[in-house]
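Letter by letter, the chains look like this.
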Amino acid sequence: MMALRVAAAALVLLGGIFATHGFKPAEITPPQWPLREFPSDIGLAHSQDRPFDEEVVRAVGADDYINRVYVGSTLPIELYVGYYKDQRSGERIHSPKNCLPGSGWEPIHSTRVQIGSMGGVPVLVNGYLVAQGNKRNMVLYWYQSHHRVVASEYWAKFWLVADALKNRPSDGAMIRIWTSAVDGEASAQARAVDFARRVYPQVDEFLPD
């Protein structure tokens, strides 16, 4: 039985490799608009750009990105959107789940959070309460492409393979929302979710069909 499971996993892996590298890549379609044109005002919040330094930009490897802090009637909310036009070329979207510990933030716990629905199907994203010393922050993140919002890294890879099999572009984006939990975890999550509900439909308008 164990040998059968190993063989099945190997076949899935080989199928994914073949699908993403064996077919002629579809023509790469750039975003409909550059991300710098993403709305600078969301709700009552006004944004300030916080561009990364060149070393971070190279490490992230995104073809286009924005990193902003939205300030309004609530505590500030940081929004990062990174767009990758061809994930088969070697660049892969970096998961915050792996990057957070590397930057000194340790996850306390995680959950899936609903931020809306598409066609009656709940839109779920990742929610993390993270800590650095005495600081507590709330982080939401997800992957978005071709009118899909995906929380799971595994499902994101599945859709990458599925699109490759259909000779569709392998582009995609990662969206991260970050806010302080100084006012409590429940308040921070509610604030982040409300912001995410406003953001993800607008992100969809900036990505290729």
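The structure this text deals with has already been given above.
Residues numbered from 1 in each chain as written. Predicted model: local features only at pLDDT ≥ 70, side-chain atom pairs only at ≥ 80, totals over all residues. Heavy atoms only, no water.

Colleague: Quick question: what am I supposed to make of the overall build of the protein chain here?
Modeller: Each helix and strand counted, the protein chain has five helices and nine strands in total. Its helices and strands taken in sequence order, the protein chain reads α-β-β-α-β-β-α-β-β-β-β-α-β-α from the N to the C terminus. Counting every position in the protein chain, which comprises 209 residues, the buried fraction comes to 42%. Within the protein chain, contacts between residues at least 6 apart in sequence are counted, and of these 65% link residues at least 24 apart. Accessible surface, the protein chain: about 11,500 Å² in total, of which carbon and sulfur atoms supply 57%. (Helix = DSSP H or I, 4+ residues; strand = E, 2+ residues; numbered from the N terminus. Buried < 20%, exposed > 50% of the residue type's maximum accessible area, 1.4 Å probe, protein only. Contact = heavy atoms within 4.5 Å. Areas by Shrake-Rupley, 256 points an atom, 1.4 Å probe, with all protein chains shown as cover.)

Colleague: Before we go on, may I ask you to explain the packing of aromatic side chains in this structure?
Modeller: Two measures describe an aromatic ring pair: the distance that separates the ring centres and the angle between the ring planes. Applying the stated criterion across every chain, the model contains nine aromatic pairs. Seen from their ring centres, Tyr-65 and Tyr-80 are 6.3 Å apart, and the 35° between their planes marks the pair as tilted. Remark: Tyr-80 occurs in strand S4 (residues 77-84) and Tyr-65 occurs in strand S3 (residues 64-71); sequence separation between them is 15 residues. Here Tyr-80 falls in the buried class, since its relative accessible area comes to 5%. Three or more aromatic residues link up through ring pairs in this structure, and these residues are Trp-33, Phe-38 and Phe-206. (Phe/Tyr/Trp six-rings, centres within 6.5 Å; stacked < 30°, edge-to-face > 60°.)

Colleague: Even after reading the chapter, I still don't get the side chain of Asn-67, so can you show me in this structure?
Modeller: Tracing the backbone shows Asn-67 in strand S3. By relative accessible area, which is 7% here, Asn-67 ends up buried. Ignoring sequence-local partners within four residues, the contact set of Asn-67 consists of Gln-48, Asp-49, Arg-50, Pro-51, Phe-52, Glu-78, Leu-79, Tyr-80 and Arg-176.

Colleague: Would you mind showing me how to read the pattern of salt bridges here?
Modeller: Any two side chains of opposite charge can pair, on the condition that their charged atoms come close. Inspection of every chain in the model, using the stated rule, returns five salt bridges. For the salt bridge of Asp-49 with Arg-68, the shortest nitrogen-to-oxygen distance reads 2.8 Å. On the criterion of sequence distance, the pair formed by Asp-49 in strand S2 (residues 45-49) and Arg-68 in strand S3 is long-range, its members being 19 residues apart. What makes Arg-68 buried here is its relative accessible area of 3%. (Salt bridge = Lys/Arg side-chain N within 4 Å of Asp/Glu carboxyl O.)

Colleague: I would appreciate a short explanation of the side chain of Asn-126 in the present structure.
Modeller: Examined against the element boundaries, Asn-126 turns out to sit in strand S6 (residues 121-132). What makes Asn-126 buried here is its relative accessible area of 5%. At a separation of 2.7 Å, a polar atom in the side chain of Asn-126 contacts the main-chain carbonyl oxygen of Ala-151. Beyond its immediate sequence surroundings of up to four residues, Asn-126 is in contact with Thr-111, Arg-112, Val-139, Leu-140, Tyr-141 and Ala-151. (Polar contact = N/O pair within 3.5 Å; in protein donor to acceptor, adjacent residues only side chain to side chain.)

Colleague: Explain the layout of surface pockets to me, please; I cannot follow it from the model alone.
Modeller: The rolling of a water-molecule-sized probe over the atoms marks out the regions of remaining empty space. By volume, the second largest pocket amounts to about 510 Å³. Taken together, the elements giving at least two residues each to the lining of the second largest pocket come down to helix H2 (54-60), S3, S4, helix H3 (96-102) and strand S9 (172-180). Broken down by element, the lining of the second largest pocket gets its largest block of residues, four residues, from S4. Looking at side-chain class alone, the lining of the second largest pocket contains 15 nonpolar, five polar and three charged residues. (1 Å grid on protein atoms, 1.4 Å probe; cavity = no way out; pocket = protein on both sides within 12 Å on 5 of 7 lines; lining within 4 Å. Points joined across faces, edges and corners; volume = space filled by probe spheres on them. Nonpolar A, V, L, I, M, F, W, Y, C, P; charged D, E, K, R; others polar.)

Colleague: Please clarify how the nonpolar core should be interpreted in this entry.
Modeller: Nonpolar side chains tend toward joint burial in soluble globular proteins. Counting residues in each nonpolar core, the largest one holds 33 residues, and the members touching the most others are Phe-38, Leu-79, Trp-142, Ile-177 and Val-199. Mapped onto this core, the elements with two or more residues apiece are S3, S4, strand S5 (106-118), S6, strand S7 (135-145), S9 and helix H5 (185-206). In this structure, Phe-38 is in contact with Ile-66, Arg-68, Tyr-70, Leu-79, Val-199, Gln-202, Val-203 and Phe-206, ignoring residues within four places of it in sequence. Core analysis: the second largest hydrophobic core is formed by 14 residues, Ala-62, Leu-100, Tyr-128 and Val-139 among them. (Core = buried A, V, L, I, M, F, W, Y, C linked by side-chain atoms within 4.5 Å.)

Colleague: How should I be thinking about unusual backbone geometry in this particular structure?
Modeller: The bulk of non-glycine residues show a negative phi, and the bulk of peptide bonds are trans. Here the phi dihedral of His-146 falls at roughly 50°; this positive angle occurs in a residue that is not glycine. When you line up the elements, His-146 lands in the loop between S7 and strand S8 (148-150). Here the phi dihedral of His-147 falls at roughly 65°; this positive angle occurs in a residue that is not glycine. Its place among the elements puts His-147 in the loop between S7 and S8.

Colleague: Would you explain the pairing of S5 in this entry?
Modeller: Within a regular strand, the side chains alternate between the two sheet faces. Of the strand pairs in this sheet, S5 and S6 are connected by eleven bridges, and their pairing is antiparallel. When the bridges of S6 are listed, Ser-110 appears paired with Tyr-128. Joining the antiparallel neighbours S5 and S6 is a turn of two residues, in which Gly-119 adopts a positive phi near 60°. (Pairing = 2+ DSSP bridges.)

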